[in-house]
Amino acid sequence: MEEYWLKIFESDLYISEMLKIWEEGEKWAKWINEVTKKYNVKGNKVLDVPCGIGRVSYYLNKLGYNITGVDISEKMINKAKENVKQGIFIRGDMRKLSEVVKEKFDIVINIFNSLGYYEEEDDLKILRELREVTSQDGIVIVNLENRDFMIYNKPEILHSFVPPFLIIDQNRFDPYTSRLYVIRTYIKDGKEIEKIEFSQRYYSLHEIVNLMKKAGFKILDVFSGYSWKNFEINDPQMTIIAKPN
Ligand SMILES: C[S@@+](CC[C@H](N)C(=O)[O-])C[C@H]1O[C@@H](n2cnc3c(N)ncnc32)[C@H](O)[C@@H]1O
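Residues numbered from 1 in each chain as written. Predicted model: local features only at pLDDT ≥ 70, side-chain atom pairs only at ≥ 80, totals over all residues.

Undergrad: Mind showing me how you'd approach the pairing of strand β7 (residues 165-174) here?
TA: Two faces, one strand: in a regular strand the side chains alternate between the faces of the sheet. Pairing between strand β6 (residues 157-162) and β7: six bridges, direction antiparallel. By the bridge assignment, Ser160 is partnered in β7 with Ile167. Between β6 and β7, which pair antiparallel and follow one another directly, the connecting turn spans two residues. Both β7 and strand β8 (residues 179-188) contribute to a ladder of nine bridges, which runs antiparallel. Its bridge partner lying in β8, Ile167 is registered against Tyr186. Hairpin connection of β7 to β8: four residues between the antiparallel strands, including Ser178 at a positive phi of 60°. (Pairing = 2+ DSSP bridges. Helix = DSSP H or I, 4+ residues; strand = E, 2+ residues; numbered from the N terminus.)

Right, dumping it as structure tokens:
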């Protein structure tokens, strides 16, 4: 891995964070199942990229979907394999997705704020790759945090408890680059265990929509998180449903 900060995804600390939101995977899966019906998606082949520990794939598989997952982190992929026995999980870089998976999928999901880790050109590349592996009648679901909500609502210091760790995030948003810079400290039994710095590009809806159109998608709808509420500017999350153009 060339980027130093990517080691965050190889740490047990991050796995704990993902486990804390495991249950939410069921809500996602139920909603995605409704989406496939609403948009009349015929097949049941899902590509979950990046799949993390497979928390959404696990529940989608229970609903009868065939799962392939891709993630750059070896640790995440190993956990996903343990968690979803019937899935196919491949370690790979979503910026070069079509080198990793050679088939097309009916439903391609990129959820839980999984763009913006790199530069904007990389996100365009990733979206083009997602387009490449989506079948002509398939759909893609991209879920991101909404920049316009985040800039007014993200506290400068954020405490969260992810057993057994207390996590303290120091957040700084740079309006010139639209990146959020985070210094994350993990504390256990009152002692600092690790400190890691990373940044992420945040998008307003019009920006990500433009990028997706450039990548060859037609936007069908935008909802608020995993709900049927149409996205509004003050919603924390935007979930874009698109199909190949
Ligand atoms: C916020 S997690 C989301 C995981 C999953 N979508 C979920 O909802 O649980 C982001 C994931 O992106 C992965 N990731 C980061 N860069 C990647 C890349 N270039 N290719 C594939 N996966 C990547 C990380 O390893 C991590 O598992």
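Undergrad: Would you mind showing me how to read the packing of helix α6 (residues 120-133) against helix α8 (residues 205-214) here?
TA: The relative placement of two packed helices comes down to the angle between their axes together with the axis-to-axis distance. Look at α6 against α8: their axes get within 8 Å of each other, and the N-to-C directions meet at 50°. Overall, the two elements α6 and α8 adopt an arrangement that is oblique. Both α6 and α8 take part in a crossing whose hand is right-handed. Judged by residue contacts, Asp123, Leu124 and Leu127 of α6 engage Leu211, Met212 and Lys214 from α8. Split into classes, the residues belonging to the contact of α6 with α8 amount to four nonpolar, no polar and two charged. (Axes fitted to C-alpha atoms, helices over the stretch in contact; angles between N-to-C directions. Parallel < 35°, antiparallel > 145°, perpendicular 65-115°, else oblique. Left-handed = near helix turned anticlockwise from the far one by under 90°. Contact = placed C-beta atoms within 7 Å. Nonpolar A, V, L, I, M, F, W, Y, C, P; charged D, E, K, R; others polar.)

Undergrad: Looking at this structure, how should I read the sheet that holds β6?
TA: In any sheet, the strands associate via hydrogen bonds between backbone groups, in a parallel or an antiparallel arrangement. Within the open sheet, the four strands sit side by side as β6-β7-β8-β9. Their pairing is antiparallel. With one partner strand each, in any of the chains shown, β6 and β9 (191-201) form the two edges of the open sheet. With direction set aside, neighbouring strand axes in the sheet form an average angle of 20°. Pairing analysis gives ten bridges linking β8 to β9, with the strands arranged antiparallel. Within the sheet, the bridge partner assigned to Lys188 lies in β9 and is Lys191. Set on the sheet, helix α1 (residues 12-20) makes contact with β6, β7, β8 and β9; between it and β6 the angle comes to about 80°.

Undergrad: Would you mind going over the site of the ligand with me for this structure?
TA: Close to the ligand lie 20 residues, the nearest being Phe9, Pro50, Gly52, Ser73 and Phe112. Going through the elements one at a time, α3 (55-62) and β2 (66-71) are the ones with two or more residues in the shell around the ligand. Its residues placed into classes, the shell around the ligand shows twelve nonpolar, four polar and four charged. (Near = placed C-beta within 6 Å.)

Undergrad: It is not clear to me how the UniProt feature "domain: Methyltransferase" (unreviewed entry) in the protein should be interpreted in this structure. Could you clarify?
TA: According to UniProt, the feature "domain: Methyltransferase" (unreviewed entry) maps to residues 46-138 in the numbering used here. Note that residues 46-138 is 39% helix and 26% strand, and that its end C-alpha atoms are spaced 10 Å apart. (UniProt positions renumbered as here; feature names shortened; annotations may be inferred.)

Undergrad: Is there a simple way to explain the pairing of strand β1 (residues 45-48) in this structure?
TA: The pairing of β1 with β2 spans four bridges and is parallel. Across the sheet, Val46 pairs through a bridge with Ile67, a residue of β2. For the segment spanning β1, α3 and β2, crossover handedness is right-handed. (Right-handed = clockwise from strand over helix to strand, strands pointing away.)

Undergrad: Explain the sheet that holds strand β3 (residues 88-91) here, please?
TA: Strands sit in the order β3-β2-β1-β4-β5-β11-β10 across an open sheet of seven strands; the sheet is mixed. For this open sheet the edge positions go to β3 and β10 (217-223), each flanked by a neighbour on one side alone. If you compare each strand with its neighbour and ignore which way they point, the axes differ by 20° on average. In the sheet, β2 pairs with β3 via four bridges, with the strands oriented parallel.

Undergrad: How should I be thinking about the domain arrangement of the protein in this particular structure?
TA: Accessible area lost upon the coming together of the parts serves often as the stated size of an interface. Looking at the assigned domains, one finds that the protein contains domain 1 (2-145 + 203-244) and domain 2 (149-200). Computed from C-alpha atoms alone, the centre-to-centre distance between domain 1 and domain 2 is 23 Å. If you look at the interface, domain 1 gives twelve residues, while domain 2 gives ten residues. Among the elements that make up the side of domain 1 that touches domain 2, the one with the highest residue count is α1 (four residues). Counted by class, the side of domain 1 that touches domain 2 contains five nonpolar, three polar and four charged residues. (Domains from an automatic or database assignment.)

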